[in-house]
Amino acid sequence: MIQNHHTKICVKTLGNHRGFFFLRKSLFLTLISLLFFSCVSSNFPEADTGNNQPIKVSVLTFNDSKCVVAWVNLNSSDIVIQCYPEQAGKDFWFEAKRTGTFARESQCFMAVNASPFEKKNFISTKRRTVGIHRSQKINLSSPEEKYSAITFSKKDAGYSASIIKNQNEIEIEKSDYAFGGFFTIVQNGKYVDEYKKIRDARLAIGIKDNSRTLVFLAAEKLTFEECAKLLINLGCTDAIEMDGGSSTEISILGKTYRPCIITRKQGSSFGFRKLAE
């Protein structure tokens, strides 16, 4: 989401007694949050996906941050891209939907949240994608040139992927699918050093093996640079940051990981479904 992406909530103490009350309440909520957070983290196991799945999963720690990493082989002829939304809505407004719900409903073995979004108002369940969302060669939202995008083109076997630093109609029109994110963080194997060093929950996607392998990264708390360094270490030549913070969500083989305690329903998601044998 764009609005209040890095908002910090502060409590102002009003008097000693009231301040002590807020302090106790804050400590209590922090303790509960840490307990809940550790449970959420530990419930996402490293998956032995076997030879029947075009995916590999690992759970690791990088710079004291827990990271879930998934590799998807785009060379597989038995996978198809699924996305939400997949049909045009009125003025690009769509009902909000969690990535895990989308993955379950569309039978995706792997899915992530995608683009930043706007809300109609504070209580609205409607979302409008900010940036490109393209499904089966149809644009369901408009490009936003200041943001990057990941695109997919169908091949005889599977797909090839590419990352474009600035969303533009010429590059997007060449693709079958395109999903906007925020910014390109790795280009030609090097970190794109243009961003502030702010730690937050992150969802990033890297490309390797001549655009035929995707590396998905969901992290508890990293900077753009830290995400980039990890993805470069994993062999990625290009990478993009998708909508992060409390929007961060990754679903793998029925397991969903959200690094933030307080989360929001996303405006868009995409993933991969395996064709029936």
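Placed above this text is the structure.
Scope of this entry: the structure provided in the associated data block. (Residues numbered from 1 in each chain as written. Predicted model: local features only at pLDDT ≥ 70, side-chain atom pairs only at ≥ 80, totals over all residues. Heavy atoms only, no water.)

Observations regarding helix H2 (residues 99-106)
This is how it is decided: Only protein chains enter the accessibility calculation, which uses a 1.4 Å probe. A residue is then buried if its area is under 20% of the maximum for its type, exposed if over 50%, and partly exposed in between. Runs of E in the DSSP output that reach at least two residues are strands. Runs of H or I that reach at least four are helices, and both are numbered from the N terminus. Along the arc lie the directions from the helix axis toward the C-beta atoms. Contacts are residue-level and defined by heavy atoms, with any inter-residue pair within 4.5 Å sufficient.
Of all the residues in H2, the buried ones are Thr99, Gly100, Phe102, Ala103 and Ser106. What you see down the axis of H2 is that its buried residues fit within an arc of 160 degrees, all on one side. Set apart from the buried face of H2 by more than 90 degrees, the exposed residues are Arg104 and Glu105. If you follow the buried residues of H2, they end up packed against strand S3 (79-84), strand S5 (110-113), strand S18 (250-252), strand S19 (255-257) and strand S20 (269-274). Looking one or two residues past H2, Gln107 carries a phi angle of roughly 60 degrees, positive in sign.

Quick word on the nonpolar core
Under the convention used in this document: To define a nonpolar core, start from buried Ala, Val, Leu, Ile, Met, Phe, Trp, Tyr and Cys residues and group those joined through side-chain atoms within 4.5 Å.
Ranked by internal contacts, the top residues of the largest apolar core, which has 34 residues, are Met110, Phe152, Leu214, Phe216, Phe270 and Phe272. Examining the composition of this core, we find that 4 residues originate from one element, S3, more than from any other. Excluding its chain neighbours within four sequence positions, the residues that come into contact with Phe216 are Val68, Val69, Ala70, Val72, Met110, Val112, Ala204, Ile205, Ile250, Phe270 and Phe272.

Considerations on the pairing of strand S12 (residues 177-180)
The cut-off we apply is this: Two strands are counted as paired when DSSP detects at least two bridges linking them.
The side-chain alternation of S12 yields two buried faces, one formed by Tyr177 and Phe179 and the other by Ala178 and Gly180. The sheet contact formed by strand S8 (residues 133-135) and S12 spans 2 bridges and is antiparallel. Counterpart to His133 in the pairing with S12 is Phe179. Across 4 bridges, strand S10 (residues 149-154) lies against S12 in antiparallel orientation. By the bridge assignment, Ala149 is partnered in S12 with Gly180.

Observations regarding the side chain of His133
Within the fold, His133 resides in strand S8. Classification of His133 by relative accessible area gives buried; the value is 1%. For His133, the residues in contact, after removing those within four places along its chain, are Cys83, Tyr84, Pro85, Ile138, Asn139, Leu140, Ser141, Ala178, Phe179, Ser268 and Ser269.

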